[in-house]
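# A closer look at the structure
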Amino acid sequence: MRGLCVEDCERCPALVESRSRIVNGVGPADADVVFVGEGPGANEDERGEPFVGRSGDVLDAALGDHGLRRSDVRITNCVRCRPPENRDPTSEELANCRPYLESELEAIAPDVVVALGKVPAQHLLGRDVAVTTESGTIETVAFGDARLDVLVCVHPAATLYDRSQESTFEATIEKAATIVGAEGGQSTFGDF
Ligand code: URA
């Protein structure tokens with residue numbers, strides 16, 4: 001790992017096979033908020049950046065609705081290589097990549113870490129999480145020497161296949177924005 005970026009890693013044979021590249025986190029190294037997704041999909045694997053597909057569009061719109069710009073926040077994933085056929089990362093793959101994520105979170109030490117979806121929420125909190133019912137709740141977790149507040153949030157993609165999740169997602173992003181003192185912006189959520 002160099003700074004916050006992993007330049008080379010071969011810990012997960014299946015992911016080395018399926019990835020085009022390692023997808024590191026993006027955004028300022030002193031961001032007040034870090035969003036953590038599950039792992040790169042096809043678009044992210046192609047472009048080398050987290051959340052640049054449809055989920056990314058949903059996330060960007062919600063950030064804008066609440067006075068946050070993508071360029072002001074850090075966005076990263078539990079695993080940095082695309083799992084084959086978009087399957088969930090295995091527990092071994094999550095464990096292999098965890099030191100990179102821990103180092104990133106410890107170095108940035110944001111005011112809030114937003115876990116986007118079930119896999120990141122369970123991985124960061126170390127327990128089963130019912131994301132829809134627990135969305136908006138905060139738990140403090142140690143990452144190295146940093147004790148950070150982890151905010152549970154539904155995954156942005158969930159709003160695309162279940163519209164009833166939109167308000168839960170928006171409310172949680174609003175909570176994150178309030179924690180970091182961002183101002184409300186123009187609502188564009190209905191565009192998706
Ligand atoms: N979903 C994720 O969890 N992470 C990404 O980077 C993109 C989609």
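Let me begin by describing the structure that accompanies this report. (Residues numbered from 1 in each chain as written. Predicted model: local features only at pLDDT ≥ 70, side-chain atom pairs only at ≥ 80, totals over all residues. Heavy atoms only, no water.)

## Let's talk about the packing of helix H3 (residues 54-65) against helix H8 (residues 166-179)
Our working definition: Here the axes come from fitting lines to C-alpha atoms, over the contacting stretch only for helices, and the angles between their N-to-C directions go from 0 to 180 degrees. Per the convention used, a helix needs a DSSP run of H or I reaching at least four residues, while a strand needs a run of E reaching at least two, with both numbered from the N terminus. Throughout this description, any angle smaller than 35 degrees is read as roughly parallel, any larger than 145 degrees as roughly antiparallel, any in the 65 to 115 degree range as roughly perpendicular, and the remainder as oblique. Left-handed describes a crossing whose near helix is turned anticlockwise from the far helix by less than a right angle; the clockwise case is right-handed. By definition, residues are in contact when any of their heavy atoms lie within 4.5 Å. Note on residue classes: Ala, Val, Leu, Ile, Met, Phe, Trp, Tyr, Cys and Pro are nonpolar, Asp, Glu, Lys and Arg are charged, and everything else, Gly too, is polar.
Running from amino to carboxyl end, H3 crosses H8 at an angle of 55°, the nearest separation of the two axes being 9 Å. With respect to each other, H3 and H8 are oriented oblique. When the axes of H3 and H8 are compared, the crossing they make is right-handed. On the side of H3, the interface is formed by Val58, Leu59, Ala62, Leu63 and Asp65, while H8 contributes Phe169, Glu170 and Ile173. Looking at the contact of H3 with H8 residue by residue, the classes come out as six nonpolar, no polar and two charged.

## Brief notes about the pattern of salt bridges
So the rule is basically this: A carboxyl oxygen of Asp or Glu within 4 Å of a side-chain nitrogen of Lys or Arg is what we treat as a salt bridge. Only protein chains enter the accessibility calculation, which uses a 1.4 Å probe. A residue is then buried if its area is under 20% of the maximum for its type, exposed if over 50%, and partly exposed in between.
Applying the stated criterion across every chain yields a total of 12 salt bridges. With a shortest N-O distance of 2.8 Å, Arg87 and Glu93 are connected by a salt bridge. With a relative accessible area of 6%, Glu93 lands in the buried category.

## A look at the site of the ligand
Here is the rule: Only heavy atoms are used to decide nearness, and a residue is near a molecule or strand if one of them lies within 4 Å of it. We define a polar contact as two N or O atoms separated by no more than 3.5 Å, with the added condition that, inside protein, one atom must be a possible hydrogen donor and the other a possible acceptor, whereas residues neighbouring each other in sequence contribute only through side-chain atom pairs.
For the ligand, the full set of nearby residues is Gly37, Glu38, Gly39, Glu44, Pro50, Phe51, Asn77 and His155. Glu38 places a polar main-chain atom, nitrogen or oxygen, 2.8 Å from an oxygen atom of the ligand. Within the side chain of Asn77, one N or O atom sits 2.8 Å away from a nitrogen atom of the ligand. Of the residues in the shell around the ligand, the class split is two nonpolar, four polar and two charged.

## So, the sheet that holds strand S4 (residues 138-143)
Going by this rule: Two strands are counted as paired when DSSP detects at least two bridges linking them.
Read from one edge to the other, the open sheet built from five strands follows the order S2-S1-S3-S5-S4, with strand pairing classed as mixed. Either end of the sheet is taken by a strand with one partner, and the two such strands are strand S2 (74-77) and S4. Geometrically, the sheet is characterised by an average inter-axis angle of 30° between neighbouring strands, direction not taken into account. Pairing of strand S1 (residues 33-37) with strand S3 (residues 112-116), which is carried by four bridges, proceeds in the parallel orientation. From the neighbouring strand, Val36 faces S3, where its bridge partner is Ala115. Against the sheet, helix H5 (residues 118-125) touches S1, S3, S4 and strand S5 (146-153), its axis set at about 135° to S3.

## A look at the environment of Val16
Mapped onto the elements of the fold, Val16 is located in helix H1 (residues 13-18). Overall, the relative accessible area of 27% leaves Val16 in the partly exposed class. Residues Val16 and Pro156, 140 residues apart in the sequence, show an inter-C-alpha distance of 26 Å. Contacts of Val16, omitting those with residues within four sequence positions, involve Cys9 and Glu10.

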